[in-house]
Every structure is written in structure tokens, then in C-alpha cells.
Amino acid sequence: MYDVVIIGGGPAGYVAAIRASQLGLSVACVESMSDKEGNQRFGGTCLNVGCIPSKALLDSSQRFYEASNDLSKHGIDAGTVKLDISAMMQRKDKVVDQLVGGISGLFKANKVTPIQGHGKILSGKRVEITNGDSTEIIEAKNIILATGSKPIEISSAKFDDTNIVDSTGALEFKAVPKKLGIIGAGVIGLELGSVWARLGSEVTMLEAMQDFLPMVDKKIAKEVYKEFTKQGLNIKLGCKVTNAVANKTNVNVKYEEDGSSSDEIFDKLIVCVGRSPNTENLLSDDCGIELDDKGFIKVDSFCSTNEPGVWAVGDVVRGPMLAHKGSEEGVMVAERIAGKHAAVNYDLVPSVIYTHPEVAWVGKNEEELKAEGVEYKSGSFPFAASGRALATDESVGSVKVLADKVTDTILGIHIFGPSAAELVQQGLIAMEFGSSSEDIGLTMFSHPTVSEALHEAALAANSNAIHIGNRKR
Ligand code: FAD
Ligand code: NAD
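Report on the accompanying structure. (Residues numbered from 1 in each chain as written. Chains lettered and ligands numbered in written order. Predicted model: local features only at pLDDT ≥ 70, side-chain atom pairs only at ≥ 80, totals over all residues. Heavy atoms only, no water.)

Things to note about the site of ligand 1
Moving on, step 1. As a structural note, the neighbourhood of ligand 1 is formed by 37 residues, with E31, T45, K55, G119 and D315 the closest of them.
Moving on, step 2. S32 places a polar main-chain atom, nitrogen or oxygen, 3.2 Å from a nitrogen atom of ligand 1.
Moving on, step 3. Within the side chain of K55, one N or O atom sits 2.7 Å away from an oxygen atom of ligand 1.
Moving on, step 4. Those elements that provide at least two residues to the shell around ligand 1 are β2 (27-31), α2 (44-49), α3 (51-69), β4 (118-122) and α8 (323-337).
Moving on, step 5. When residues of the shell around ligand 1 are assigned to their parent elements, the largest contribution, four residues, is made by α2.
Moving on, step 6. Taken together, the residues that form the shell around ligand 1 break down as 15 nonpolar, 18 polar and four charged. (Near = heavy atom within 4 Å. Polar contact = N/O pair within 3.5 Å; in protein donor to acceptor, adjacent residues only side chain to side chain. Helix = DSSP H or I, 4+ residues; strand = E, 2+ residues; numbered from the N terminus. Nonpolar A, V, L, I, M, F, W, Y, C, P; charged D, E, K, R; others polar.)

A few points about the packing of aromatic side chains
Moving on, step 1. Going through the model one piece at a time under the given rule, you end up with four aromatic pairs.
Moving on, step 2. Judged by centre distance (5.2 Å) and plane angle (70 degrees), the rings of F212 and Y225 are edge-to-face. Of the two residues, F212 sits in the loop between β10 (202-206) and α7 (218-230) while Y225 sits in helix α7, which places them 13 residues apart along the sequence.
Moving on, step 3. The ring of F302 has R336 sitting right over it, with the charged end atom 3.6 Å from the ring centre. (Phe/Tyr/Trp six-rings, centres within 6.5 Å; stacked < 30°, edge-to-face > 60°. Lys NZ or Arg CZ within 6 Å of the ring centre and 35° of its normal.)

As for helix α13 (residues 452-460)
Moving on, step 1. Most of α13 sits out of view: nine of its nine residues are buried.
Moving on, step 2. If you check which residues of α13 are buried, you get E452, A453, L454, H455, E456, A457, A458, L459 and A460. (Buried < 20%, exposed > 50% of the residue type's maximum accessible area, 1.4 Å probe, protein only.)

Some points on the site of ligand 2
Moving on, step 1. I188, E191, E207, G274 and V352 are the nearest of the 19 residues found near ligand 2.
Moving on, step 2. Contacts to ligand 2 include E191, whose side-chain N or O atom sits 2.8 Å from a nitrogen atom.
Moving on, step 3. Surface burial for ligand 2 is 75%, taken as the share of its 840 Å² of free accessible area covered by protein chains.
Moving on, step 4. With three residues, helix α6 (residues 187-198) is the single largest residue contributor to the shell around ligand 2.
Moving on, step 5. Residue composition of the shell around ligand 2, grouped by class: 13 nonpolar, three polar and three charged. (Areas by Shrake-Rupley, 256 points an atom, 1.4 Å probe, with all protein chains shown as cover.)

Some words on the pairing of strand β1 (residues 2-7)
When a strand is regular, its side chains alternate between the sheet's two faces.
Moving on, step 1. The buried count for β1 comes to five of six residues, which makes it a mostly enclosed element.
Moving on, step 2. The sheet contact formed by β1 and strand β6 (residues 134-145) spans five bridges and is parallel. Bridge pairing in β6 links Y2 to A140.
Moving on, step 3. Direction of pairing for β1 relative to β2: parallel, over a ladder of four bridges. Bridge pairing in β2 links I6 to C29.
Moving on, step 4. Read as a crossover between parallel neighbours, the route from β1 over helix α1 (residues 13-22) to β2 is right-handed. (Pairing = 2+ DSSP bridges. Right-handed = clockwise from strand over helix to strand, strands pointing away.)

By themselves, these observations are geometric and do not establish any function.
Written out as C-alpha cells, the structure reads:
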């Protein structure tokens, strides 16, 4: 009998496995994903078809775009820039394979037992593993469910996996689609839309909501919309796709916008309208585990299910579908099983959209604070006033710091601009230590850095910014 059996080896499951093993527990991790040769692949959505391959393509496509469009401004003539899409994809695959292989190495080093196959939880803390024709049942003192999520399919645009694809298909195009349609202008739509637009696609995004990026601070979302439209993403809001039919070489999409119907042909159509928890054939009828009304495994704030000794972490439970959120939950659960008092601070989960520039935020936005009746003050600083941002031709966007009006405690940080993902992390560390905006204002920042924009925004929250006009009110 194992101390811990984990079903699912993505960033929530594999991290839980390593941490539990470090704490002296005997651990097995069941994972069904394998390559064409049948070799098991850990890392889940994140490493195989999510965070890592998308970031590899975002980086390559940005280099291509800059080499093709921006170098002349710097007095560099790079001649004719050519794209080798197959080499770009090979680089992405190599990065992914290296990281996936790394997890198997970490499992070996930490003595985690890998078990290949599909796991299903049975009553009495037993797990049935099916691999091809063979079935085995193992027992555990604790079970962690970490089976992740899968793309949502909509009836008006069914995947054919060639021309109507999900995010996984959109990471594998063999050629740059001339006309690319995207249903859903959320995180995946913007990231993958940016990749293909930079490589030359004419991108149209069909978004059902009237609000663009409703989870982002409204003023920042407005800046983001303006910039991405300028970059060539044709983002249609309040748009209802009524039917999409894949032909041999393209897709015919019918949609309604502002009361009128349109009909458009795209070479490829990406459907990215969210993801749903993956509980397919995971729970036996008598295992007793409850789901919530949206199909997520029901857990408390410590990721404990209604069955003692059965836990669930990552995308398969409530909260943002983010790799780092799942990993932190995995660590917490492993530590609690080992008798430690671990917890996750759900108030400080950072979010990033890896476009160019990046969008990043943590804590509350203005709309949320208003809705909660919290009195707050706000300080903003535009990258157009940052020396480093101007010197590196990255002066789009701004930083906003929100702080409690009375105590000055930082309540939220919202950034659109260069290195936003890294900048927001600096602010988050300060927030974890209960920092005030004055504390950041009193901190010395290297010059010239884009980080100075965070410094100035924190100063601006108290009307003390140096490089913008903000006379004391
Ligand atoms: P998963 O990573 O989905 O892993 C679950 C694993 O369980 C899978 O390997 C699956 O094969 C296995 N499994 C499922 N059922 C069974 C079963 N019954 N038996 C055995 N094994 C099973 N998040 C970020 O934080 N940053 C990003 O930049 C980012 N980019 C993304 C880009 C894309 C295109 C996508 C699609 C997602 C992205 N995400 C990103 C989200 C991130 O990938 C997920 O939040 C994260 O992978 C969730 O981790 P997880 O371990 O809960 O689930
Ligand atoms: P999302 O929730 O970010 O965006 C989906 C969008 O589709 C929304 O704007 C929604 O209004 C729209 N939509 C829903 N149904 C529609 C319909 N029928 N027609 C048109 N539009 C419709 O989801 P996603 O982009 O699919 O990403 C899934 C998850 O993966 C997200 O939760 C995200 O957190 C995670 N992810 C994270 C990152 C990152 O951290 N950088 C990157 C990619 C994915």
C-alpha cells in the first residue's frame, strides 16, 4: 500500500508527487499520456500542449516579427527575413521534450513510482489502473486527483482536428493560415492569435461577450484592446457564431454581430472558449466523491474532498486554471498529508497573458473594490514616461497600483507593458509581506529599468511620483 497515489501527472500532480516523496512518503503517480511509441509523458497540459509550447511559439514568432518589421528603426538591415515553420515547430518540440524528460528524471531522483495507464478511483481508497488490456488495482492511504481539464467543444463549431481545431491543434499548424478565425477572445485566443498574426495570418476573433477581458482591470483592458487592434487582431465583440462547417481546405463560418449576419471563409478556425474539468471515467459510482454544479471536484480551501483521505488539486477543482495555482495546491496537499500546516493564499494568485506587451495582474481590480465598497486610492504610471521602456522601444502600456485609502496596504497591481509578468511578481512579493504602496515608494530601484514604472506607480498612489505631473491633491 502506498502512502499517496496521485492520478494525473501535470503541474498539480507531479509537483504533489515530488513534494510528498521529499517528505518521506511512498508515492505513485498514475499518468495516461504517452507519445507515439507508447512512452509515458508527464507534465500534463502545461508542458505538452499548453504553457510551454505556446510560450516557445510566442517567443519565436515575436523574433520573426521584430526581424521583419522593427530592426530597420534601429539602423539594422537584416535583408529579407524568411520563415521556416518546420524548424520553428522542431525547436518548440525540443523544448517540450527536454522538460517532459526532466520530470521523469525528477521522479527517479525522488523515488516516485510512475504507473502508466488510466486511473479510476474505487471505493475504499483503491485505484484501478487500465493500460491497454491489462488492469491492476492498488491501494493507498491517501489519493490525490489531479486530472486537469480539456477544451470545451461547442455545437456550432465541432472540432474536425484539421481545420477546426482546439489549442493543441493550433500549436501544430504546418503552414501559416492566410485567414485565421478564432472563436473566443480570452487568454488562449489572444496568445495563439498573436503567434499566427506575427507570422502573417490575417486574424479575426469572434467573441461572444460585449466586454473585452472582463477579468482584467477595465482601464487596462481598454488599453489592451486598442493596442491589439493596432497590431492587426480584428476583435469582434458581442459576436455569436451560429454555424461553422469544415470543408477539405477551409472553414465556412456564419456569425451574427450587431443584429446582422455574416458569412466568412477561414483557412483555419481555432475554438478556445474555455476549458472544463476532466473527470472522464475517473470516479466509480460508489467512490462517493462529490462534484459541484459546474462539474469540478468539490473541495474545501485545503483541497480535501468530501471523502477523508481523498484530495483534488489543479484545473479539476474550483479557481483559476493556472499551472502555478495547481502546483501550489499540490505542495499544500502533500504537506498536509505529511502532517504540516500548509495553506494556499488564494487572494494572491498572479495572472499573465503572454502577448506583446504582456498583461499581468494580481489582487483586486477597481471594479471589484468598488463592488465590495472598499475605499481605495490609485496610482498609475505610463511606460511612455519610462527611460528604459523608450530606449528599448517598449513604451506601450502602464502600471497601476491600488491601495487601501486608510491603511495604504496594496490591494492590487495591474500592468500592461514590457516584462509585465516579471514586474507583477515583484509587486506580489511585496503584497505577500503586507506591503503598503509607501513601502514600495521608499525602496530604491535600479535605473534605468522598466521596474521603475512600478516604483513610480506606487509613489503616484500617494501623489508623490517624480516623472509625471501629480501635484498633491
Ligand atoms: P493538466 O496539466 O491538465 O494535467 C492533468 C494530467 O492528468 C494530464 O497529463 C492527463 O493526461 C492526466 N490524466 C487525466 N485523467 C487521467 C486519468 N484518469 N488517469 C491518468 N491520467 C489522467 N497556465 C499558466 O499558468 N500559464 C500559462 O502560460 C498557460 N498557458 C496555457 C496555454 C495553453 C494553450 C493551455 C491549453 C493552457 C495553458 N495554461 C497556462 C493552463 C495550464 O496548462 C493548466 O492550468 C495546467 O496544466 C493545469 O495543471 P493540472 O495538473 O491541474 O492538469
Ligand atoms: P478563457 O476563459 O480565457 O476565454 C474564453 C473566451 O471565450 C471568453 O472571452 C468567453 O467569453 C468566450 N466564449 C465563450 N463561449 C463562446 C462562444 N460560444 N462564442 C464566442 N466566444 C465565446 O478560456 P481560454 O482562452 O479557452 O483558456 C482556458 C484556460 O486556460 C483559461 O482559464 C486560462 O486561465 C488558461 N490559460 C492560461 C494561460 C496563461 O496563464 N497565460 C494561457 C492559456 C490558457
